[in-house]
Amino acid sequence: TGAIGLYNVGQSCCLNSVLQVFLMNIYFTGILRRITVPPGVTQKKKNVPYQMLLLLEEMQRGKQKAVSPIALASCLSVYRVKLFVQHDAAQLFLTLWNLIKKQMKTPELVEELSDLYAICVQEHLACQKCSFEVKRKSNMLTLPIPVLDFNSQVLKTLEDCLQYFFRPEELTGKNMCFCEQCGRKTPFLQSMKLVHLPQTLTIHLKRFCFEESAHIRKLSHYLPFPQDLDFNAVLTENQCQADDKEKAAWQYELFAVVAHSGSTSCGHYCAYVRSLTECKWYCFNDSEVCQVSWDDVKCTYGHSNLHW
C-alpha cells in the first residue's frame, strides 16, 4: 500500500506522527525531492530536509512494515530537539518546519513551502475614544484555536472554535492600550482578520488550560470536526480581509489528524492520514499501520479514554 510505519526509538511517537503527516503529503514531498544535496558527509548528517528525504526514500524502498527514524532524530538533536522526552505536536511541527525552511537553499522551494503551509492574518487595534487605528499583517504556521470561551464554557464544534478565535475583543480596565492620539490609555477593540490561507491548512486545538495552582490540565471533551470545511460559511465578511478570488480557495478536505491520548505529563501520539493517491484513511501508530474507516477517525473527537 505504500503505508510504512516508523519504529519508536524512545518516546518518539510524537515525532513519528508529525513526520507521517509531512511525508504522506505529496505536495510537500514534491518540494522535498528537489532540494540541493549538501556537499559533505558532516553537512548531510546535520541537514534536516536531506535526512527527511533519506527517510522518505527508505520508507518507499523498503519491504518491511516499518523503518527507523534514528538518523533524522540524531540530526534534530543537533538543533536542541531533545530525544527520549515528551513533545507537544504543535510545537514540534513548528520547530521542524522552521528547520526545513531555514536549511532549504533554493529560494523558489522556500517560497513553495510557504505557499503550502503559511497563513496570513491582519491584526487590528482601534481606539474606542478616537479614530486612531493600528493594522499589522503577520504570518502563522497554525491556527491555535481555543476549545473554551472566556467563561471556560466548552465550545461545541470546530466551527464554533474558529468563529470564537476571530471574534473582536474589547480591551478595557487593566488591558487598555496607550493611544498616541489621545495621549493616554484608552479602551481598544482588538480583532483579527483572515487575509490568506495556504494549500495545506494546519489547525491546532488548544486542549489545555492553566489552573490556579499553575498546573496544566488537558481538556479531553468531545469536539467534532467535519471532513469538509468552507471558511466562507464559517466566518463573517468582517472577519475576512481578502478578495473573492482568494476566498474561493478557502474550501478544504480533511487530510490528517494528529491525536494524543493520556495526560499532559504522559501519553501517546498517533496519526490518522488520508492517502492523497488512494483516498483511504490509515492509522499510523509508530511501527503499526492499518487501514481505517471515517468512524475510526472520529474517535479523535475526544474523550478521557481514547484508544486507537
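This is a predicted model, so every value here is computed, not measured.

Conventions we followed
- Residues numbered from 1 in each chain as written.
- Predicted model: local features only at pLDDT ≥ 70, side-chain atom pairs only at ≥ 80, totals over all residues.
- Heavy atoms only, no water.
- Helix = DSSP H or I, 4+ residues; strand = E, 2+ residues; numbered from the N terminus.
- Rg over C-alpha atoms; globule rule 2.2 N^0.38 Å.
- Buried < 20%, exposed > 50% of the residue type's maximum accessible area, 1.4 Å probe, protein only.
- Contact = heavy atoms within 4.5 Å.
- Areas by Shrake-Rupley, 256 points an atom, 1.4 Å probe, with all protein chains shown as cover.
- Lys, Arg positive; Asp, Glu negative; His and termini not counted.
- Charge placed at Lys NZ, Arg CZ, Asp CG, Glu CD.
- Pairing = 2+ DSSP bridges.
- Axes fitted to C-alpha atoms, helices over the stretch in contact; angles between N-to-C directions.
- Patch = residues over 30% accessible without salt bridge, like charges linked within 9 Å, V, L, I, M, F, W, Y side chains within 5 Å.
- Salt bridge = Lys/Arg side-chain N within 4 Å of Asp/Glu carboxyl O.
- Core = buried A, V, L, I, M, F, W, Y, C linked by side-chain atoms within 4.5 Å.

Peer 1: For this particular structure, what's the right way to read the overall build of the protein chain?
Peer 2: On a plain count of helices and strands, the protein chain comes out with 11 helices and 18 strands. In terms of overall size, the protein chain behaves like a compact globule, its C-alpha atoms giving a radius of gyration of 21 Å where 308 residues would be expected to give roughly 19 Å. Taken along the three principal axes of its C-alpha coordinates, the protein chain extends 65 × 45 × 40 Å. Looking at the protein chain as a whole, 46% of its 308 residues are labelled buried. For the protein chain, long-range pairs separated by at least 24 residues make up 61% of all intrachain contacts whose partners lie at least 6 apart in sequence. In the form shown here, the protein chain has an accessible surface area of approximately 16,500 Å², with 51% of it arising from carbon and sulfur atoms. Counting 32 positive and 29 negative side-chain charges, the protein chain places the centres of these two groups 8 Å from one another.

Peer 1: What is the right way to read the sheet that holds strand E9 (residues 188–196) from this model?
Peer 2: Pairing between sheet strands relies on hydrogen bonds along the backbone, with the strands arranged either parallel or antiparallel. What the 4 strands build is an open sheet, ordered E4-E3-E9-E6; its pairing is antiparallel. Strands with a single pairing partner mark the edges of an open sheet, and in this sheet they are strand E4 (133–140) and strand E6 (169–171). Across the sheet, the mean angle separating the axes of adjacent strands is 25 degrees when strand polarity is ignored. Bridge count between strand E3 (residues 119–127) and E4: 8 bridges; the pairing is antiparallel. In the sheet register, His124 faces E4, and the bridge partner there is Lys135.

Peer 1: Whenever I open this one, a nonpolar patch on the surface confuses me. Can you help?
Peer 2: Residues Phe208, Phe210 and Ile216 make up a contiguous nonpolar surface patch of about 290 Å² in total accessible area. Relative to the helices and strands, Ile216 is located in strand E12 (residues 216–218). For Ile216, a relative accessible area of 34% gives the class partly exposed.

Peer 1: Could you clarify how one ought to interpret the nonpolar core in this entry?
Peer 2: Soluble, globular proteins show a tendency: their nonpolar side chains are buried together. One finds Phe22, Phe28, Val48, Met52 and Tyr117 to be the most contacted residues of the largest nonpolar core, which totals 41 residues. The next biggest cluster of nonpolar side chains, apart from the first, holds 39 residues, and it includes Leu229, Val234, Cys270 and Cys299.

Peer 1: How should the environment of Ala126 be read in this particular structure?
Peer 2: By secondary structure assignment, the location of Ala126 is in strand E3. Measuring from C-alpha to C-alpha, the distance between Ala126 and Glu170 comes to 9.7 Å, with 44 residues separating the pair along the chain. Residues contacting Ala126, with those up to four places away along its chain left out, are Phe132, Glu133, Pro187, Phe188 and Leu189.

Peer 1: Sorry if this is basic, but what is going on with the pattern of salt bridges here?
Peer 2: Oppositely charged side chains may form a pair once their charged atoms are brought near each other. Tallying each qualifying case throughout the model produces 6 salt bridges. Arg34 is paired through a salt bridge with Glu112; the nearest N and O atoms lie 2.6 Å apart. With a gap of 78 residues between them, Arg34 in the loop between helix H2 (26–32) and helix H3 (41–46) and Glu112 in helix H7 (residues 107–117) connect regions that are remote in the sequence. Judged by its relative accessible area of 30%, Glu112 is partly exposed. Across the pair Glu253 and Arg274 runs a salt bridge whose closest N-O atoms are separated by 3.9 Å. Residue Glu253 is found in strand E14 (residues 251–253), and its partner Arg274 is found in strand E16 (residues 267–274); the two are separated by 21 residues along the sequence. Classification of Glu253 as exposed rests on a relative accessible area of 56%. You can call Arg274 buried: its relative accessible area is 13%.

Remember, this is a structural readout, not a statement about activity or role.
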